[in-house]
Amino acid sequence: MSEKTEKESGPRRGGAGWALVITSVAGFMAALDNLVVTTALPSIRKDLGGALDDLEWTVSAYTLTFAVLLMFGAALGDRFGRRRLFITGLTIFTAASAGAALAPGINALIAARAIQGVGAAIMMPLTLTLLTAAVPAAKRGTMYGIWGAVNGLAVASGPLIGGSLTEHVSWQWIFWLNVPLGLLTLPLARLRLNESYGTGAPLDLVGTLLASGGLFGIVYGLIRGNPDGWTSTTVLTGLIAGGVLLAGFVAHGMRGANPMLPMRLFRSRAFSAINAASLLMFVGMFGSIFLLSQFLQNVIGYSPTEAGLRMLPWTGMPMIAAPLAGFLSDRIGGRPVVATGLALQAVGLGWFAVILSPHVSYGAQLPALIVSGIGMGLYFAPAANLVMSSVRPSEQGIASGANNALREVGGALGIAVLASVFSARGGYGSAQAFVDGLAPALWVGAAAVAAAAASALLLPRRAPSARAGVAREGVRELVG
């Protein structure tokens, strides 16, 4: 490490408290915008128009840019200064939030959401690095717990916050909410965080372009498949070109000098299994939430706030189940806990598909929501440790970034795939048409999460104490 880096990586003048506040607020904003839009979709569709594929893009434009640029954003921070890039990302995110609130039409909203994803991809991976550098080693466990709880709260409360703001103010305020938070956080970040640098490894522009283009082509083809026809030129071009570009990304990761995702990591059965499980989990979860939040409003007739509240047994359950998952994984290992959680999530989605009807009561829905929520909670806590323990400590940063990126990719793919099934079998024409499309879509989501459970069972058996020790070492390497 250079003398400059050593000096600028010293104790933070703002102290651990300010660093925790700044990074937690930024993480909350980025995590919240993953799901905050879902309960506002019917109102957005009413005000701005647009078909199902336009609604898909209001969510996928964010998750897709977030996913493909996340590792690139972390590399930019290491090379050009973490505080500088954190401020840059937060500025982009805040400005794009205002642009989304002011969007005059659906296309402008989608564009603003894509720019939001760019900002989130730059700032989000730097939050943990900046927090770690400001906190003494003895206090990091507590600070990580608070930081993680805030991010978990953002995911859990996203549908409720989105629904409440949409109903009581307007859907635009799900985006306006970010603006004062961003404007307050920006000067604090400038004044209270010191600059630091990473290794200065070369940026992987080729890998970023291949991954971005490939994923965009595939998601575009999936979203446009039903409206344009699966054999149309645009759809086939998107799917084929996307597949070719992703194949190029894999080849680049195998042969490139400094690829952002070295394919050698997938030689580890543990790394391949947990990442496959994460991808498939988010395919089923995001796609299902996207459609179920609309079902609760368009078919059952709940208000946006009521829909958000009624989804809490699913989205909020991880806040309760995560401590249990941590307790169990310390004693029996993460593999059975994650596999059980994913199996429960699959059962919950299948349960919902079985009881689905235009007049289903909330009492009938509740068990499916609770089972899905418990399953989600059992998955999240041990999954991070399994990722960390699947590679060498020196590769922890890349492994964590890859896992987070694959989760976001899974979310974008899940919305595209499940919405394609929905539009092929049903639509918005009537309550029965919506149910006719939603039921098979949920079965596809349940199948994806069941496949995730099967992938988790491929994880190698490992003693819990050894796994936990490797994971702790990996976390220190990642954030230190």
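The rules we used
Residues numbered from 1 in each chain as written. Predicted model: local features only at pLDDT ≥ 70, side-chain atom pairs only at ≥ 80, totals over all residues. Heavy atoms only, no water. Helix = DSSP H or I, 4+ residues; strand = E, 2+ residues; numbered from the N terminus. Buried < 20%, exposed > 50% of the residue type's maximum accessible area, 1.4 Å probe, protein only. Axes fitted to C-alpha atoms, helices over the stretch in contact; angles between N-to-C directions. Parallel < 35°, antiparallel > 145°, perpendicular 65-115°, else oblique. Left-handed = near helix turned anticlockwise from the far one by under 90°. Contact = heavy atoms within 4.5 Å. Nonpolar A, V, L, I, M, F, W, Y, C, P; charged D, E, K, R; others polar. Core = buried A, V, L, I, M, F, W, Y, C linked by side-chain atoms within 4.5 Å. Patch = residues over 30% accessible without salt bridge, like charges linked within 9 Å, V, L, I, M, F, W, Y side chains within 5 Å. Areas by Shrake-Rupley, 256 points an atom, 1.4 Å probe, with all protein chains shown as cover. Salt bridge = Lys/Arg side-chain N within 4 Å of Asp/Glu carboxyl O. Polar contact = N/O pair within 3.5 Å; in protein donor to acceptor, adjacent residues only side chain to side chain. Expected span 1.5 Å × (residues − 1). Arc of directions from axis to C-beta. pLDDT = per-residue confidence, 0-100. Bend = angle between axes of the 7 residues up to and from the residue.

Quick notes on the environment of alanine 447
Within the element layout of this structure, alanine 447 appears in helix α19 (residues 431-456). A residue is classified by how much of its surface remains accessible, and alanine 447, at 47% relative accessible area, is partly exposed. Each C-alpha atom, one on alanine 447 and one on leucine 280, is 9.1 Å from the other, the two residues being 167 residues apart in sequence.

Some thoughts on the packing of helix α2 (residues 15-35) against helix α5 (residues 82-101)
Two elements in contact, α2 and α5, have axes separated by 12 Å at closest approach and are oriented at 40°. What the angle tells us is that α2 and α5 run oblique. Crossing of α2 over α5 shows left-handed handedness. Across the interface between the two elements, Ile22, Ala26, Met29, Ala30 and Asp33 of α2 pack against Phe86, Leu90, Phe93 and Thr94 of α5. Looking at the contact of α2 with α5, its residues break down into seven nonpolar, one polar and one charged.

Thoughts on the nonpolar core
General note: in soluble globular proteins, nonpolar side chains tend to be found buried as a group. In this structure, Leu109, Phe290, Phe295, Leu342 and Leu438 are the most contacted members of the largest nonpolar core, which totals 104 residues. Looking at which element gives the most residues to this core, the answer is helix α12 (residues 269-299), with 17 residues.

Section: a nonpolar patch on the surface
Together, Leu153, Met319 and Ile320 line one region of the surface with nonpolar side chains, adding up to about 290 Å² of accessible area. Mapped onto the elements, leucine 153 comes out in helix α7 (residues 140-168).

Let's talk about the environment of leucine 438
In this structure, leucine 438 sits in helix α19. For leucine 438, a relative accessible area of 0% corresponds to the buried category. Taking C-alpha positions, leucine 438 is 8.7 Å from serine 288, a pair spaced 150 residues apart along the chain. Among residues more than four places away in sequence, those in contact with leucine 438 are Leu291, Leu292, Phe295, Leu356 and Phe422.

Quick notes on the side chain of threonine 58
Looking at where threonine 58 falls in the secondary structure, it is placed in helix α4 (residues 52-80). Only 2.5 Å separates the side chain of threonine 58 from the backbone oxygen of leucine 55, close enough to count as a polar contact. Discounting residues that sit within four places of it in the chain, threonine 58 has contacts with Val37, Leu41, Ile106, Leu109, Ile110 and Arg113.

Observations regarding helix α15 (residues 318-332)
The end-to-end C-alpha distance of α15 is 19 Å, a good match for the 21 Å that 15 residues give at a rise of 1.5 Å each. Considered for burial, the residues of α15 that qualify are Pro318, Ala321, Ala325 and Ser329. Taken down its axis, α15 places every buried residue within 75° of arc, on the same side. Of the exposed residues in α15, the ones pointing more than 90 degrees away from its buried face are Ile320, Pro323 and Arg331. Immediately beyond the C-terminal end of α15, within one or two residues, lies glycine 333, with a positive phi of roughly 95°.

A closer look at the confidence of the model for the protein
On average, residues of the protein score 84 in pLDDT, and 90% of them reach the 70 mark or higher. This model gives residues 1-14 a pLDDT under 50, and the stretch forms 25 contacts once residues within four places in sequence are excluded. Counting contacts from residues 463-480, a segment whose pLDDT is below 50, to residues more than four positions away or on other chains yields 34 contacts.

As for the pattern of salt bridges
Counting across every chain of the model gives four salt bridges. A salt bridge links aspartate 33 to arginine 113, with the nearest nitrogen and oxygen atoms 3.4 Å apart. Placement of aspartate 33 in helix α2 and of arginine 113 in helix α6 (residues 106-134) is noted, with a sequence separation of 80 residues between them. Residue aspartate 33 shares its accessibility class with arginine 113, and that shared class is buried. The salt bridge partner of arginine 82 is aspartate 78, with a shortest N-O separation of 3.0 Å. The network of salt bridges with common partners includes Asp53, Arg224 and Asp228.

A word on α6
Across its 29 residues, α6 extends 41 Å between first and last C-alpha, which sits within 8% of the 42 Å expected from 1.5 Å per residue. A bend of about 35° at threonine 127 is the largest found in α6.

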